[in-house]
Amino acid sequence: MKLKKFLREYPLLLLFALVMGGLFLLDLCFTSNPYSELENRKLKQKPVFSLESLVENRYTKEYEEYINDQFVGRDQWITLKSVFESALGKTENNGVVYGADRYIYNKLLDPALGEKRDVLRRCVDRASQEISRGENRARLIDTDAAFVLDGWFPAASEGELTKLLGGFSCAWETADPTPEEYPQVPIKLKNNPVTGPFNVITEMYAMPAYDTVDPNPLMAPFFIIFFGFMMNDIGYGLLMVLGTLFFLMKARPKGSMRDMMTMFFMCGIASTFWGCLTGGFFGDFLPKLFDLIGIAAGVPGYHDASGAFVWFWKPVFTPINDIILVMVGAMAMGVVQVFTGMAVSVEEKFRHGNALDAVTQEIAWWCILIGAAIAIGGPMIPGAPAVLGSVGMGLLILGAVLLLAGNLIRAKGLGGITGFVGDVYNGVSGYFSDILSYLRLMALMMAGSIIASVFNTLGSVFGLVPFIVVAIIGNVLNLVLNLLGCYVHTMRLQCLEFFGRFYQDGGKPFRPLAVETKYVDILKEEI
(Lines give C-alpha, C1' and ligand atoms only; values in the text may rest on other atoms or scores of the structure.)
Protein backbone atom coordinates (compact mmCIF):
# COMPACT_ATOMS: atom_id res chain seq x y z
CA MET A 1 0.00 0.00 0.00
CA LYS A 2 2.80 2.40 0.86
CA LEU A 3 4.52 1.61 -2.44
CA LYS A 4 1.34 2.33 -4.43
CA LYS A 5 0.82 5.57 -2.55
CA PHE A 6 4.44 6.56 -3.20
CA LEU A 7 4.10 5.81 -6.93
CA ARG A 8 0.87 7.81 -7.14
CA GLU A 9 2.51 10.81 -5.48
CA TYR A 10 5.75 10.62 -7.49
CA PRO A 11 4.92 9.26 -10.96
CA LEU A 12 7.74 11.25 -12.60
CA LEU A 13 10.28 9.53 -10.35
CA LEU A 14 9.03 6.13 -11.53
CA LEU A 15 9.18 7.28 -15.16
CA PHE A 16 12.75 8.54 -14.69
CA ALA A 17 13.82 5.24 -13.12
CA LEU A 18 12.25 3.23 -15.93
CA VAL A 19 13.91 5.36 -18.63
CA MET A 20 17.35 5.19 -17.00
CA GLY A 21 17.02 1.45 -16.32
CA GLY A 22 15.89 0.80 -19.87
CA LEU A 23 18.81 2.75 -21.33
CA PHE A 24 21.21 0.81 -19.07
CA LEU A 25 19.84 -2.53 -20.27
CA LEU A 26 19.99 -1.44 -23.90
CA ASP A 27 23.63 -0.40 -23.46
CA LEU A 28 24.39 -3.89 -22.14
CA CYS A 29 22.69 -5.55 -25.10
CA PHE A 30 24.35 -3.54 -27.89
CA THR A 31 27.95 -4.08 -28.91
CA SER A 32 30.44 -1.22 -29.20
CA ASN A 33 30.88 0.44 -32.59
CA PRO A 34 34.50 1.00 -33.65
CA TYR A 35 33.74 3.77 -36.14
CA SER A 36 31.04 6.42 -36.78
CA GLU A 37 30.32 7.08 -40.44
CA LEU A 38 28.07 9.98 -39.42
CA GLU A 39 30.91 11.78 -37.59
CA ASN A 40 33.69 10.37 -39.79
CA ARG A 41 35.87 9.38 -36.81
CA LYS A 42 36.89 6.45 -34.61
CA LEU A 43 34.82 5.92 -31.47
CA LYS A 44 36.19 5.35 -27.99
CA GLN A 45 36.30 1.70 -26.92
CA LYS A 46 35.79 0.30 -23.43
CA PRO A 47 38.95 0.92 -21.37
CA VAL A 48 40.80 -1.86 -19.60
CA PHE A 49 40.46 -1.64 -15.84
CA SER A 50 43.55 -1.45 -13.67
CA LEU A 51 44.17 -0.19 -10.17
CA GLU A 52 46.84 2.19 -11.47
CA SER A 53 44.51 3.78 -14.04
CA LEU A 54 41.79 4.11 -11.40
CA VAL A 55 44.12 5.86 -8.94
CA GLU A 56 45.40 8.21 -11.65
CA ASN A 57 41.80 8.97 -12.67
CA ARG A 58 42.53 7.83 -16.23
CA TYR A 59 40.03 4.98 -16.09
CA THR A 60 37.06 7.13 -15.05
CA LYS A 61 37.89 9.75 -17.67
CA GLU A 62 38.28 7.17 -20.44
CA TYR A 63 35.13 5.34 -19.33
CA GLU A 64 33.17 8.60 -19.49
CA GLU A 65 34.41 9.13 -23.04
CA TYR A 66 33.43 5.55 -23.86
CA ILE A 67 29.89 6.08 -22.54
CA ASN A 68 29.55 9.30 -24.53
CA ASP A 69 30.67 7.60 -27.75
CA GLN A 70 28.75 4.33 -27.31
CA PHE A 71 25.48 5.73 -25.93
CA VAL A 72 22.55 3.77 -27.35
CA GLY A 73 20.91 5.58 -30.28
CA ARG A 74 23.73 8.14 -30.34
CA ASP A 75 23.62 8.66 -34.11
CA GLN A 76 19.88 9.31 -34.00
CA TRP A 77 20.22 11.81 -31.16
CA ILE A 78 23.04 13.61 -32.97
CA THR A 79 21.01 13.71 -36.18
CA LEU A 80 18.01 15.15 -34.34
CA LYS A 81 20.21 17.76 -32.65
CA SER A 82 21.84 18.75 -35.96
CA VAL A 83 18.42 19.08 -37.62
CA PHE A 84 17.23 21.51 -34.94
CA GLU A 85 20.46 23.51 -35.02
CA SER A 86 20.41 23.58 -38.81
CA ALA A 87 16.86 24.96 -38.69
CA LEU A 88 18.17 27.72 -36.41
CA GLY A 89 20.93 28.53 -38.92
CA LYS A 90 23.79 27.07 -36.86
CA THR A 91 26.65 25.52 -38.86
CA GLU A 92 29.16 24.64 -36.13
CA ASN A 93 29.12 23.35 -32.56
CA ASN A 94 32.09 22.61 -30.27
CA GLY A 95 34.54 22.15 -33.13
CA VAL A 96 32.13 20.05 -35.19
CA VAL A 97 30.98 21.38 -38.57
CA TYR A 98 27.63 20.36 -40.07
CA GLY A 99 27.96 19.21 -43.67
CA ALA A 100 25.61 18.19 -46.45
CA ASP A 101 23.29 15.15 -46.17
CA ARG A 102 23.36 15.46 -42.36
CA TYR A 103 27.06 14.50 -42.12
CA ILE A 104 29.21 16.18 -39.50
CA TYR A 105 32.97 16.73 -39.51
CA ASN A 106 35.65 17.55 -36.99
CA LYS A 107 37.08 21.00 -37.48
CA LEU A 108 40.81 20.86 -38.15
CA LEU A 109 42.76 23.52 -36.32
CA ASP A 110 46.26 23.88 -37.69
CA PRO A 111 48.22 26.77 -36.12
CA ALA A 112 50.21 27.11 -39.34
CA LEU A 113 47.03 28.00 -41.22
CA GLY A 114 46.76 31.24 -39.24
CA GLU A 115 49.27 32.86 -41.59
CA LYS A 116 46.99 32.04 -44.54
CA ARG A 117 43.79 33.21 -42.89
CA ASP A 118 43.06 35.94 -45.46
CA VAL A 119 43.60 33.54 -48.36
CA LEU A 120 41.34 30.92 -46.77
CA ARG A 121 38.63 33.51 -46.17
CA ARG A 122 38.68 34.54 -49.81
CA CYS A 123 38.50 30.88 -50.79
CA VAL A 124 35.47 30.39 -48.53
CA ASP A 125 33.67 33.34 -50.10
CA ARG A 126 34.53 32.23 -53.62
CA ALA A 127 33.42 28.66 -52.93
CA SER A 128 30.09 29.88 -51.53
CA GLN A 129 29.50 31.90 -54.70
CA GLU A 130 30.28 28.89 -56.91
CA ILE A 131 27.88 26.76 -54.89
CA SER A 132 25.17 29.42 -55.19
CA ARG A 133 25.67 29.65 -58.95
CA GLY A 134 25.53 25.88 -59.29
CA GLU A 135 22.33 25.61 -57.27
CA ASN A 136 20.62 28.30 -59.35
CA ARG A 137 21.91 26.86 -62.63
CA ALA A 138 20.21 23.58 -61.73
CA ARG A 139 16.85 25.37 -61.73
CA LEU A 140 17.09 26.34 -65.39
CA ILE A 141 15.22 24.58 -68.21
CA ASP A 142 18.01 24.12 -70.73
CA THR A 143 19.40 22.12 -73.62
CA ASP A 144 22.84 22.11 -75.22
CA ALA A 145 21.89 25.15 -77.31
CA ALA A 146 19.35 27.17 -75.29
CA PHE A 147 17.82 27.74 -71.88
CA VAL A 148 14.64 29.29 -70.49
CA LEU A 149 14.69 31.55 -67.44
CA ASP A 150 11.57 32.76 -65.61
CA GLY A 151 11.82 35.06 -62.61
CA TRP A 152 11.03 38.37 -60.92
CA PHE A 153 12.80 41.71 -60.93
CA PRO A 154 11.93 45.17 -59.52
CA ALA A 155 10.00 47.33 -61.97
CA ALA A 156 12.42 50.21 -61.36
CA SER A 157 15.27 48.05 -62.72
CA GLU A 158 13.62 47.30 -66.08
CA GLY A 159 15.85 49.74 -67.98
CA GLU A 160 18.98 48.24 -66.46
CA LEU A 161 17.77 44.72 -67.29
CA THR A 162 16.98 45.69 -70.89
CA LYS A 163 20.45 47.18 -71.30
CA LEU A 164 22.06 44.04 -69.89
CA LEU A 165 20.09 41.57 -72.04
CA GLY A 166 20.64 43.72 -75.14
CA GLY A 167 24.23 42.57 -75.21
CA PHE A 168 23.26 38.93 -75.69
CA SER A 169 21.59 36.98 -78.50
CA CYS A 170 18.41 36.20 -76.63
CA ALA A 171 14.69 36.98 -76.58
CA TRP A 172 12.88 38.22 -73.51
CA GLU A 173 9.52 39.51 -72.41
CA THR A 174 8.48 41.43 -69.30
CA ALA A 175 5.01 41.78 -67.82
CA ASP A 176 3.41 43.07 -64.63
CA PRO A 177 2.03 40.37 -62.33
CA THR A 178 -1.68 39.63 -62.52
CA PRO A 179 -3.83 39.63 -59.36
CA GLU A 180 -3.77 35.83 -59.46
CA GLU A 181 0.03 35.95 -59.24
CA TYR A 182 0.17 38.39 -56.31
CA PRO A 183 0.71 35.65 -53.68
CA GLN A 184 3.82 34.45 -55.56
CA VAL A 185 5.40 37.90 -56.09
CA PRO A 186 8.47 38.38 -53.82
CA ILE A 187 8.66 41.56 -51.76
CA LYS A 188 11.46 44.13 -51.92
CA LEU A 189 10.96 47.01 -49.52
CA LYS A 190 11.95 50.52 -50.62
CA ASN A 191 14.56 51.60 -48.10
CA ASN A 192 16.49 54.69 -47.14
CA PRO A 193 19.20 55.10 -44.49
CA VAL A 194 16.58 55.69 -41.76
CA THR A 195 13.94 53.08 -42.60
CA GLY A 196 16.24 50.40 -44.04
CA PRO A 197 17.51 49.06 -40.69
CA PHE A 198 13.94 48.35 -39.62
CA ASN A 199 13.74 45.55 -42.16
CA VAL A 200 14.99 43.36 -39.33
CA ILE A 201 11.73 44.05 -37.44
CA THR A 202 9.49 43.62 -40.49
CA GLU A 203 11.11 40.36 -41.56
CA MET A 204 10.99 39.07 -37.98
CA TYR A 205 7.25 39.77 -37.87
CA ALA A 206 6.18 38.92 -41.46
CA MET A 207 6.75 40.49 -44.85
CA PRO A 208 3.81 42.54 -46.17
CA ALA A 209 1.70 41.10 -48.96
CA TYR A 210 2.28 42.39 -52.49
CA ASP A 211 0.37 45.55 -53.48
CA THR A 212 -0.04 46.62 -49.84
CA VAL A 213 1.66 49.33 -47.81
CA ASP A 214 5.35 49.26 -46.80
CA PRO A 215 5.28 49.53 -42.98
CA ASN A 216 8.88 50.66 -42.42
CA PRO A 217 8.48 54.43 -43.14
CA LEU A 218 5.46 54.47 -40.82
CA MET A 219 6.97 52.34 -38.07
CA ALA A 220 10.50 53.79 -37.90
CA PRO A 221 9.66 57.20 -36.32
CA PHE A 222 7.38 55.61 -33.71
CA PHE A 223 9.92 52.91 -32.86
CA ILE A 224 12.73 55.42 -32.38
CA ILE A 225 10.62 57.87 -30.36
CA PHE A 226 9.09 55.18 -28.13
CA PHE A 227 12.45 53.52 -27.43
CA GLY A 228 14.06 56.83 -26.55
CA PHE A 229 11.09 57.84 -24.39
CA MET A 230 11.42 54.69 -22.28
CA MET A 231 15.23 54.90 -22.00
CA ASN A 232 15.32 58.73 -21.46
CA ASP A 233 18.89 59.00 -20.22
CA ILE A 234 21.79 60.95 -21.68
CA GLY A 235 24.41 58.55 -20.34
CA TYR A 236 22.67 55.42 -21.61
CA GLY A 237 21.98 57.07 -24.96
CA LEU A 238 25.61 58.12 -25.45
CA LEU A 239 26.80 54.62 -24.56
CA MET A 240 24.42 53.20 -27.17
CA VAL A 241 25.59 55.67 -29.81
CA LEU A 242 29.31 55.18 -29.14
CA GLY A 243 29.01 51.42 -28.67
CA THR A 244 27.12 50.82 -31.91
CA LEU A 245 29.44 53.17 -33.82
CA PHE A 246 32.49 51.30 -32.53
CA PHE A 247 30.95 47.95 -33.45
CA LEU A 248 29.93 49.11 -36.92
CA MET A 249 33.38 50.54 -37.65
CA LYS A 250 35.45 47.68 -36.24
CA ALA A 251 33.38 44.57 -36.92
CA ARG A 252 31.72 45.89 -40.10
CA PRO A 253 28.75 43.52 -39.73
CA LYS A 254 26.48 42.66 -42.61
CA GLY A 255 22.83 41.85 -43.07
CA SER A 256 20.53 41.76 -40.07
CA MET A 257 23.32 42.42 -37.55
CA ARG A 258 24.24 45.67 -39.33
CA ASP A 259 20.57 46.67 -39.44
CA MET A 260 20.17 45.91 -35.73
CA MET A 261 23.22 47.97 -34.75
CA THR A 262 22.13 50.89 -36.95
CA MET A 263 18.68 50.76 -35.42
CA PHE A 264 20.11 50.87 -31.89
CA PHE A 265 22.33 53.77 -32.96
CA MET A 266 19.26 55.82 -33.91
CA CYS A 267 17.49 54.73 -30.72
CA GLY A 268 20.53 55.92 -28.75
CA ILE A 269 20.19 59.37 -30.30
CA ALA A 270 16.52 59.43 -29.29
CA SER A 271 17.42 58.30 -25.76
CA THR A 272 19.91 61.16 -25.49
CA PHE A 273 17.27 63.63 -26.69
CA TRP A 274 14.69 62.52 -24.13
CA GLY A 275 17.41 62.48 -21.48
CA CYS A 276 18.11 66.14 -22.20
CA LEU A 277 14.43 66.86 -21.49
CA THR A 278 14.36 64.88 -18.22
CA GLY A 279 17.88 65.74 -16.99
CA GLY A 280 18.88 62.10 -16.61
CA PHE A 281 22.54 61.09 -16.76
CA PHE A 282 22.87 57.56 -15.41
CA GLY A 283 19.90 58.49 -13.28
CA ASP A 284 20.89 61.15 -10.77
CA PHE A 285 24.57 60.22 -10.86
CA LEU A 286 25.99 63.74 -11.22
CA PRO A 287 23.90 65.38 -8.43
CA LYS A 288 24.92 62.56 -6.06
CA LEU A 289 28.57 62.84 -7.13
CA PHE A 290 28.68 66.62 -6.70
CA ASP A 291 27.03 66.29 -3.31
CA LEU A 292 29.61 63.75 -2.12
CA ILE A 293 32.48 65.91 -3.36
CA GLY A 294 30.88 68.95 -1.69
CA ILE A 295 30.58 71.19 -4.73
CA ALA A 296 26.86 70.78 -5.48
CA ALA A 297 25.91 74.22 -4.22
CA GLY A 298 28.49 75.95 -6.42
CA VAL A 299 27.81 74.12 -9.68
CA PRO A 300 26.01 76.43 -12.11
CA GLY A 301 22.65 75.17 -13.27
CA TYR A 302 19.19 74.47 -11.90
CA HIS A 303 18.77 73.96 -8.15
CA ASP A 304 15.57 72.94 -6.35
CA ALA A 305 13.89 74.84 -3.50
CA SER A 306 16.31 73.37 -0.95
CA GLY A 307 19.32 74.53 -2.98
CA ALA A 308 20.34 71.04 -4.12
CA PHE A 309 21.77 70.75 -7.61
CA VAL A 310 19.36 69.05 -10.06
CA TRP A 311 20.86 69.50 -13.53
CA PHE A 312 22.70 72.01 -15.67
CA TRP A 313 19.38 73.34 -16.94
CA LYS A 314 15.83 73.04 -15.68
CA PRO A 315 14.34 69.73 -16.85
CA VAL A 316 11.16 69.97 -18.87
CA PHE A 317 9.77 67.10 -16.78
CA THR A 318 11.06 64.25 -14.61
CA PRO A 319 9.65 60.71 -14.65
CA ILE A 320 9.46 60.50 -10.86
CA ASN A 321 7.94 63.91 -10.06
CA ASP A 322 5.66 64.37 -13.08
CA ILE A 323 3.84 61.04 -13.19
CA ILE A 324 0.54 62.46 -14.49
CA LEU A 325 2.28 64.34 -17.29
CA VAL A 326 4.23 61.24 -18.30
CA MET A 327 1.05 59.13 -18.25
CA VAL A 328 -0.87 61.61 -20.40
CA GLY A 329 2.07 61.88 -22.80
CA ALA A 330 2.32 58.09 -23.15
CA MET A 331 -1.40 57.76 -23.89
CA ALA A 332 -1.25 60.70 -26.31
CA MET A 333 1.52 58.98 -28.27
CA GLY A 334 -0.63 55.86 -28.29
CA VAL A 335 -3.60 57.77 -29.70
CA VAL A 336 -1.40 59.24 -32.43
CA GLN A 337 -0.06 55.84 -33.48
CA VAL A 338 -3.45 54.10 -33.37
CA PHE A 339 -5.04 56.89 -35.41
CA THR A 340 -2.13 56.72 -37.88
CA GLY A 341 -2.76 53.02 -38.34
CA MET A 342 -6.44 53.74 -38.92
CA ALA A 343 -5.55 56.41 -41.48
CA VAL A 344 -3.35 53.95 -43.39
CA SER A 345 -6.21 51.44 -43.34
CA VAL A 346 -8.61 54.07 -44.75
CA GLU A 347 -6.19 54.92 -47.56
CA GLU A 348 -5.70 51.24 -48.43
CA LYS A 349 -9.44 50.56 -48.47
CA PHE A 350 -10.14 53.50 -50.74
CA ARG A 351 -7.31 52.44 -53.03
CA HIS A 352 -8.74 48.94 -53.35
CA GLY A 353 -12.32 50.12 -53.83
CA ASN A 354 -13.61 49.39 -50.31
CA ALA A 355 -14.81 52.91 -49.52
CA LEU A 356 -17.91 51.63 -47.69
CA ASP A 357 -15.81 49.70 -45.18
CA ALA A 358 -13.55 52.71 -44.63
CA VAL A 359 -16.47 55.08 -43.97
CA THR A 360 -18.46 52.70 -41.77
CA GLN A 361 -15.48 51.40 -39.81
CA GLU A 362 -12.41 53.61 -39.29
CA ILE A 363 -14.08 56.94 -40.09
CA ALA A 364 -17.08 56.03 -37.95
CA TRP A 365 -14.80 55.19 -35.04
CA TRP A 366 -12.87 58.42 -35.53
CA CYS A 367 -16.14 60.29 -35.04
CA ILE A 368 -17.05 58.18 -32.00
CA LEU A 369 -13.68 58.46 -30.25
CA ILE A 370 -13.07 62.15 -31.00
CA GLY A 371 -16.68 63.02 -30.23
CA ALA A 372 -16.58 61.19 -26.88
CA ALA A 373 -13.31 62.92 -25.96
CA ILE A 374 -14.73 66.37 -26.80
CA ALA A 375 -18.08 65.70 -25.08
CA ILE A 376 -16.42 64.49 -21.88
CA GLY A 377 -13.29 66.60 -21.75
CA GLY A 378 -14.56 69.81 -23.35
CA PRO A 379 -16.60 71.07 -20.38
CA MET A 380 -13.59 70.43 -18.09
CA ILE A 381 -11.46 72.99 -19.95
CA PRO A 382 -11.63 76.39 -18.23
CA GLY A 383 -13.22 79.00 -20.51
CA ALA A 384 -14.26 76.47 -23.15
CA PRO A 385 -17.43 77.45 -25.07
CA ALA A 386 -20.60 75.60 -24.07
CA VAL A 387 -21.21 74.53 -27.66
CA LEU A 388 -18.09 72.33 -27.47
CA GLY A 389 -20.00 69.62 -25.64
CA SER A 390 -22.77 69.69 -28.24
CA VAL A 391 -20.24 69.36 -31.05
CA GLY A 392 -18.76 66.32 -29.32
CA MET A 393 -22.17 64.69 -28.92
CA GLY A 394 -22.94 65.42 -32.58
CA LEU A 395 -19.76 63.66 -33.72
CA LEU A 396 -20.49 60.76 -31.38
CA ILE A 397 -23.99 60.30 -32.80
CA LEU A 398 -22.73 60.63 -36.38
CA GLY A 399 -20.16 57.90 -35.80
CA ALA A 400 -22.77 55.61 -34.25
CA VAL A 401 -25.12 56.17 -37.22
CA LEU A 402 -22.34 55.36 -39.71
CA LEU A 403 -21.44 52.23 -37.78
CA LEU A 404 -25.07 51.08 -37.67
CA ALA A 405 -25.59 51.87 -41.35
CA GLY A 406 -22.57 49.79 -42.30
CA ASN A 407 -23.86 46.78 -40.39
CA LEU A 408 -27.37 47.12 -41.85
CA ILE A 409 -25.94 47.27 -45.38
CA ARG A 410 -23.77 44.19 -44.86
CA ALA A 411 -26.45 42.18 -43.01
CA LYS A 412 -30.17 42.94 -43.20
CA GLY A 413 -32.59 42.97 -40.28
CA LEU A 414 -31.63 41.42 -36.97
CA GLY A 415 -28.18 40.45 -38.24
CA GLY A 416 -27.34 44.11 -38.77
CA ILE A 417 -28.47 45.02 -35.24
CA THR A 418 -26.49 42.23 -33.59
CA GLY A 419 -23.48 43.10 -35.73
CA PHE A 420 -23.74 46.73 -34.60
CA VAL A 421 -23.86 45.69 -30.93
CA GLY A 422 -20.85 43.44 -31.44
CA ASP A 423 -18.93 46.20 -33.22
CA VAL A 424 -19.65 48.65 -30.39
CA TYR A 425 -18.48 46.19 -27.73
CA ASN A 426 -15.40 45.06 -29.64
CA GLY A 427 -14.52 48.61 -30.69
CA VAL A 428 -14.85 50.19 -27.26
CA SER A 429 -12.92 47.41 -25.53
CA GLY A 430 -10.38 47.10 -28.35
CA TYR A 431 -9.52 50.76 -28.88
CA PHE A 432 -9.36 51.62 -25.20
CA SER A 433 -7.31 48.53 -24.32
CA ASP A 434 -4.91 49.33 -27.15
CA ILE A 435 -4.48 52.93 -26.02
CA LEU A 436 -4.07 51.89 -22.38
CA SER A 437 -1.40 49.44 -23.54
CA TYR A 438 0.82 52.45 -24.27
CA LEU A 439 1.07 53.07 -20.53
CA ARG A 440 3.96 50.62 -20.70
CA LEU A 441 5.94 53.58 -22.07
CA MET A 442 5.39 55.36 -18.77
CA ALA A 443 6.09 52.21 -16.73
CA LEU A 444 9.46 51.51 -18.33
CA MET A 445 10.48 55.18 -18.21
CA MET A 446 9.77 55.32 -14.49
CA ALA A 447 11.29 51.89 -13.78
CA GLY A 448 14.61 52.76 -15.43
CA SER A 449 14.86 56.12 -13.65
CA ILE A 450 13.94 54.69 -10.25
CA ILE A 451 16.33 51.73 -10.49
CA ALA A 452 19.21 54.02 -11.45
CA SER A 453 18.36 56.39 -8.60
CA VAL A 454 18.18 53.51 -6.11
CA PHE A 455 21.65 52.24 -7.05
CA ASN A 456 23.11 55.76 -6.90
CA THR A 457 21.51 56.45 -3.51
CA LEU A 458 22.64 53.08 -2.15
CA GLY A 459 26.23 53.71 -3.14
CA SER A 460 26.30 57.29 -1.83
CA VAL A 461 25.57 56.08 1.71
CA PHE A 462 29.06 54.52 2.04
CA GLY A 463 31.22 57.29 0.61
CA LEU A 464 32.74 58.38 -2.69
CA VAL A 465 34.62 55.24 -3.77
CA PRO A 466 31.82 52.76 -2.92
CA PHE A 467 29.39 55.14 -4.62
CA ILE A 468 31.33 55.03 -7.89
CA VAL A 469 31.66 51.22 -7.77
CA VAL A 470 28.01 50.59 -6.93
CA ALA A 471 26.82 53.21 -9.43
CA ILE A 472 28.85 51.66 -12.26
CA ILE A 473 27.66 48.11 -11.53
CA GLY A 474 24.06 49.17 -10.97
CA ASN A 475 23.84 51.34 -14.07
CA VAL A 476 25.39 48.64 -16.26
CA LEU A 477 22.74 46.18 -15.05
CA ASN A 478 20.03 48.80 -15.50
CA LEU A 479 21.23 49.57 -19.03
CA VAL A 480 21.12 45.89 -20.01
CA LEU A 481 17.63 45.45 -18.55
CA ASN A 482 16.43 48.64 -20.22
CA LEU A 483 17.83 47.63 -23.60
CA LEU A 484 15.95 44.34 -23.46
CA GLY A 485 12.75 45.83 -22.02
CA CYS A 486 12.61 48.83 -24.34
CA TYR A 487 13.27 46.69 -27.41
CA VAL A 488 10.67 44.04 -26.55
CA HIS A 489 7.92 46.44 -25.53
CA THR A 490 8.51 48.84 -28.41
CA MET A 491 8.36 45.95 -30.86
CA ARG A 492 5.18 44.68 -29.20
CA LEU A 493 3.46 48.03 -29.66
CA GLN A 494 4.39 48.04 -33.35
CA CYS A 495 3.42 44.44 -34.08
CA LEU A 496 0.13 44.35 -32.16
CA GLU A 497 -1.35 47.79 -31.59
CA PHE A 498 -0.02 49.39 -34.80
CA PHE A 499 0.25 46.65 -37.42
CA GLY A 500 -3.07 45.22 -36.29
CA ARG A 501 -4.84 48.27 -37.75
CA PHE A 502 -3.72 47.94 -41.36
CA TYR A 503 -1.01 45.34 -41.90
CA GLN A 504 -1.56 42.48 -44.35
CA ASP A 505 1.18 39.88 -44.19
CA GLY A 506 1.84 36.92 -46.46
CA GLY A 507 4.75 38.17 -48.59
CA LYS A 508 8.08 36.46 -49.07
CA PRO A 509 11.36 38.41 -49.30
CA PHE A 510 13.01 39.06 -52.65
CA ARG A 511 16.22 36.99 -52.65
CA PRO A 512 17.99 37.53 -56.01
CA LEU A 513 21.12 35.70 -57.04
CA ALA A 514 23.79 38.06 -55.78
CA VAL A 515 27.34 38.07 -54.50
CA GLU A 516 26.88 37.55 -50.75
CA THR A 517 30.19 37.31 -48.94
CA LYS A 518 31.11 36.76 -45.33
CA TYR A 519 34.69 38.06 -45.23
CA VAL A 520 35.26 40.09 -48.42
CA ASP A 521 33.53 43.43 -49.00
CA ILE A 522 32.48 44.03 -52.61
CA LEU A 523 33.02 47.73 -53.36
CA LYS A 524 31.98 47.61 -57.03
CA GLU A 525 30.40 44.79 -58.97
CA GLU A 526 30.95 44.66 -62.72
CA ILE A 527 29.29 42.26 -65.15
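About the criteria used
- Residues numbered from 1 in each chain as written.
- Predicted model: local features only at pLDDT ≥ 70, side-chain atom pairs only at ≥ 80, totals over all residues.
- Heavy atoms only, no water.
- Helix = DSSP H or I, 4+ residues; strand = E, 2+ residues; numbered from the N terminus.
- Buried < 20%, exposed > 50% of the residue type's maximum accessible area, 1.4 Å probe, protein only.
- Contact = heavy atoms within 4.5 Å.
- Areas by Shrake-Rupley, 256 points an atom, 1.4 Å probe, with all protein chains shown as cover.
- Phe/Tyr/Trp six-rings, centres within 6.5 Å; stacked < 30°, edge-to-face > 60°.
- Axes fitted to C-alpha atoms, helices over the stretch in contact; angles between N-to-C directions.
- Parallel < 35°, antiparallel > 145°, perpendicular 65-115°, else oblique.
- Left-handed = near helix turned anticlockwise from the far one by under 90°.
- Nonpolar A, V, L, I, M, F, W, Y, C, P; charged D, E, K, R; others polar.
- Salt bridge = Lys/Arg side-chain N within 4 Å of Asp/Glu carboxyl O.
- Patch = residues over 30% accessible without salt bridge, like charges linked within 9 Å, V, L, I, M, F, W, Y side chains within 5 Å.

1. Describing the overall build of the protein
Summing up its helical and strand segments, the protein has 18 helices and twelve strands in all. Split into buried and exposed, the 527 residues of the protein put 32% on the buried side. Looking at the protein alone, contacts between residues at least 24 apart form 67% of all its contacts between residues at least 6 apart. Carbon and sulfur atoms provide 66% of the accessible area of the protein, an area that totals close to 33400 Å².

2. Describing the packing of aromatic side chains
What characterises a pair of aromatic rings is the spacing of the ring centres plus the angle enclosed by the ring planes. Taken as a whole and judged by the stated rule, the model has 29 aromatic pairs. For the pair F229 and W274, a centre-to-centre distance of 5.0 Å together with 90° between the ring planes defines the contact as edge-to-face. Residue F229 is found in helix α9 (residues 216–231), and its partner W274 is found in helix α11 (residues 255–278); the two are separated by 45 residues along the sequence. Judged on exposure class, the residue F229 and its partner W274 are both buried. Consider the rings of F499 and Y503, whose centres lie 4.6 Å apart with planes at 15°: the pair is stacked. Note on F499: relative accessible area 1%, which makes it buried.

3. Observations regarding the packing of helix α10 (residues 234–250) against α11
The interhelical angle for the contact between α10 and α11, taken along N-to-C directions, is 155°, at an axis separation of 7 Å. Between α10 and α11, the angle is such that the two are roughly antiparallel. The interaxial crossing formed by α10 with α11 has left-handed handedness. For the contact of α10 with α11, the class distribution of residues is 14 nonpolar, seven polar and one charged.

4. So, the pattern of salt bridges
This model, assessed by the stated rule, comprises eight salt bridges. R351 serves as the salt-bridge partner of E348, at 3.0 Å between the closest nitrogen and oxygen. Here R351 and E348 lie together in helix α13 (residues 323–351), a separation of three residues that amounts to about one turn. Residue classification places E348 among the buried positions, given a relative accessible area of 8%. Among the residues examined, R351 registers a relative accessible area of 41% and is labelled partly exposed. With its nearest N and O atoms 2.2 Å apart, the salt bridge here joins D434 to R501. Taken together, the positions of D434 in helix α16 (residues 414–437) and R501 in helix α18 (residues 464–502) put the pair 67 residues apart, joining distant regions of the chain. One network of salt bridges, with partners in common, ties together D211, E348 and R351.

5. A few points about the packing of helix α12 (residues 285–293) against helix α17 (residues 439–460)
Relative to each other, α12 and α17 sit at 10°, their axes nearing to 10 Å. One way to sum up the angle between α12 and α17 is to call them roughly parallel. Handedness of the α12/α17 crossing: right-handed. Contacts between α12 and α17 pair F285, K288 and L292 from the former with N456, T457 and S460 from the latter.

6. So, a nonpolar patch on the surface
Residues L292, I293, I295, L464, V465, I468, V469, I472, I473, V476, L477 and V480 make up a contiguous nonpolar surface patch of roughly 1000 Å² in combined accessible area. At the level of elements, α12 and α18 are the ones that each hand at least two residues to the nonpolar patch. No other element matches α18, which puts nine residues into the nonpolar patch. Its place among the elements puts I473 in helix α18.

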